[in-house]
Structure formats: structure tokens, C-alpha cells
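# Tertiary structure, described
Here's the letter readout for the chains.
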Amino acid sequence: PEGAGQAARRRVRGMTEVELRVLGPGDEAIVERLATREPRTALLQDPRTIFLVAFDGDEPAGFVLAYELPRRHGFNVTLIVYEVEIDDAHRRQGIATGLLRELERIARRRGIEEAFVLTEPDNLAANRLYESAGGARSDVVEWDFDYTGA
């Protein structure tokens with residue numbers, strides 16, 4: 001599949017140019033740089049992981065992390081957009097929108113026909129972003145399970 005190390009220069013509103021690149025094996029140092037907690041780099045070995053990073057020069061400006069989820073019915077694969085993060089200094093410059101557009105392009109090339117993302121109802125910035133990217137709001141109930149034995 002399309003991925004690891006593949007880069008495309010894309011113009012993003014508000015910036016002269018950013019490089020969008022799908023991370024793969026060998027990009028562990030970038031994952032470590034982006035981590036706010038203990039980094040997990042093994043996900044780069046899984047071809048169903050799409051870790052798309054926007055670079056402003058050599059500096060990561062933001063990223064989107066998504067996973068292909070095989071299904072037993074309906075579409076063969078659903079894409080879960082797990083995380084979208086933009087560096088504070090790069091917010092409100094269209095980078096998140098550009099990342100989501102590139103993610104959609106990658107998903108379509110892989111034959112993925114649908115995606116979803118979860119966010120909090122009061123996260124206004126995220127909700128505006130997802131609506132502007134063409135998402136349709138769905139009210140769902142989330143149940144969390146703790147398997148740590150605590």
C-alpha cells in the first residue's frame with residue numbers, strides 16, 4: 001500500500017508550503033519526537049496504520065493517525081481517524097484540513113469507502129474541523145473498559 005516515506009508537497013492555506021509524508025518503518029525517531037507520553041513505534045510496522053505528518057521544513061507541524069479496521073459486514077474496511085494534532089504555532093493555518101484531505105486521498109486509493117472519528121461534544125475546534133472536512137455528526141454512546149486488572 002501507499003505509505004512509508006512517501007511524500008507529496010501540498011500547498012496549505014496560510015503557509016507557503018508544507019510537506020505531507022506517510023511514516024513507516026525507519027521513521028521511529030519522528031514518532032518519538034511527536035510523543036507526549038511513552039512512544040509506541042511498533043505501529044509503523046503495520047501496513048494498516050496511516051501516520052501522516054505535515055512538515056514545515058524539518059519540523060513536524062502536525063499529524064493525523066488513522067487505522068484500517070477490517071469489517072465482517074458492510075464495507076470491507078473502515079478507517080478510524082484516531083488522532084489529529086497540530087502544533088500550537090501552526091494552528092489556524094489549514095494544516096489539519098490539508099492532512100484530512102490527504103488522508104481521504106490515501107484512503108480512496110486503498111479502496112477504503114468510509115471513515116469515522118470520535119471527539120468530545122464540547123471540543124468546538126475539532127467539531128468545526130470535521131464538519132468542514134465533510135463529516136456528518138453522529139451521536140453515539142461510548143463505553144470504556146479497563147483491562148489492566150486494576
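Placed above this text is the structure.
Analysis parameters
Residues numbered from 1 in each chain as written. Predicted model: local features only at pLDDT ≥ 70, side-chain atom pairs only at ≥ 80, totals over all residues. Heavy atoms only, no water. 1 Å grid on protein atoms, 1.4 Å probe; cavity = no way out; pocket = protein on both sides within 12 Å on 5 of 7 lines; lining within 4 Å. Points joined across faces, edges and corners; volume = space filled by probe spheres on them. Helix = DSSP H or I, 4+ residues; strand = E, 2+ residues; numbered from the N terminus. Nonpolar A, V, L, I, M, F, W, Y, C, P; charged D, E, K, R; others polar.

## Brief notes about the layout of surface pockets
Its boundaries defined by the atoms lining it, the largest pocket holds a volume of some 1,200 Å³. Forming the walls of the largest pocket are 31 residues, and the residues nearest its centre are Phe 116, Val 117, Tyr 130, Gly 135 and Ala 136. If you list the elements that add at least two residues to the lining of the largest pocket, you get β5 (77-86), α2 (95-109), β6 (114-117) and α3 (124-132). Top element by residues in the lining of the largest pocket is α2. It accounts for six residues. Residues belonging to the lining of the largest pocket are distributed by class as follows: 16 nonpolar, five polar and 10 charged. Roughly 860 Å³ of internal volume is contained in the second largest pocket. Considering the residues around the second largest pocket, the lining is formed by 27 residues, among which Val 84, Ala 96, Ala 125, Ala 126 and Leu 129 are closest to the centre. Elements with a minimum of two residues in the lining of the second largest pocket: β5, α2 and α3. The leading source of residues in the lining of the second largest pocket is β5, at seven residues. A breakdown of the residues in the lining of the second largest pocket according to their chemical character gives 13 nonpolar, seven polar and seven charged.

Read these as layout, nothing more, since geometry by itself doesn't imply function.
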